[in-house]
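Fold and geometry: a report
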Amino acid sequence: MSKIYSRPRIRIPKIFISKIGNKDLKNKQKIVKVFIIMVIAFSTIKVVLDAIFPIFDTLCKDKAKSIATIITNEQATVVMREHIYDELFSIEKDNNRKYNYDKIKCWTYK
């Protein structure tokens, strides 16, 4: 016959307070098991939330900046509707083909 290969089974010890058929002890065992499961569940939730919170916080900040930019642009558009292009500045040429700026300051670069 051929040998069947399998990996060894992991043996996990069972938690028993006593092997007496007392109902009180069985109830205590159930309470201990539920308590251990709850501790593991809450610790897992905490680890996951600690990993997700910085990402969520960054996304919220970026969304707030985006909303603020949209509102600012809309309000600037509303304000600029009252003005026309010619009110902002005008350029005039003299006889020597030099420009004269009468409503804005010309920035010179050196």
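Residues numbered from 1 in each chain as written. Predicted model: local features only at pLDDT ≥ 70, side-chain atom pairs only at ≥ 80, totals over all residues. Heavy atoms only, no water.

Across its full length, the chain holds two helices and two strands. When the helices and strands of the chain are listed from N to C terminus, the series reads α-α-β-β. When each of the 110 residues of the chain is scored for burial, the buried share is 2%. Total accessible area computed for the chain in this model is approximately 11700 Å², and 64% of it derives from carbon and sulfur atoms. (Helix = DSSP H or I, 4+ residues; strand = E, 2+ residues; numbered from the N terminus. Buried < 20%, exposed > 50% of the residue type's maximum accessible area, 1.4 Å probe, protein only. Areas by Shrake-Rupley, 256 points an atom, 1.4 Å probe, with all protein chains shown as cover.)

This part is about a nonpolar patch on the surface. Residues V32, F35, I36, V39 and I40 make up a contiguous nonpolar surface patch of about 440 Å² in total accessible area. Mapped onto the secondary structure, I40 falls in helix α1 (residues 23-80). (Patch = residues over 30% accessible without salt bridge, like charges linked within 9 Å, V, L, I, M, F, W, Y side chains within 5 Å. Salt bridge = Lys/Arg side-chain N within 4 Å of Asp/Glu carboxyl O.)

This part covers the pattern of salt bridges. Scanning the entire structure with this criterion turns up two salt bridges. Notably, a salt bridge pairs K46 with D50, separated by 3.0 Å at the nearest N-O pair. Taken together, the residues K46 and D50, both in helix α1 and four residues apart, mark about one turn of the helix. Under the relative-accessibility criterion, D50 is labelled partly exposed at 47%. The shortest N-O distance in the salt bridge between K61 and D57 comes to 3.7 Å. With K61 and D57 both in helix α1 and four residues apart, this pair spans about one turn of that helix.

So, about a positive patch on the surface. Side chains of R9, R11, K14, K26, K30 and K33 sit close together on the surface and give a patch of like positive charge. Among the secondary structure elements, R9 is positioned in the segment before α1. The class of R9 is exposed, set by a relative accessible area of 74%. (Lys, Arg positive; Asp, Glu negative; His and termini not counted. Charge placed at Lys NZ, Arg CZ, Asp CG, Glu CD.)

A few words on the confidence of the model for the chain. Caution applies to low-pLDDT parts of the model: their predicted coordinates are not meant to be read in detail. Confidence in the prediction for the chain averages 78 pLDDT; 64% of positions are at 70 or higher. For the chain, the element scoring lowest by mean pLDDT is strand β2 (residues 99-101), at 56; α1 scores highest, at 91. Residue range residues 106-110 is modelled with pLDDT below 50. Its contacts to residues more than four positions away, or to other chains, number one contact. (pLDDT = per-residue confidence, 0-100. Contact = heavy atoms within 4.5 Å.)

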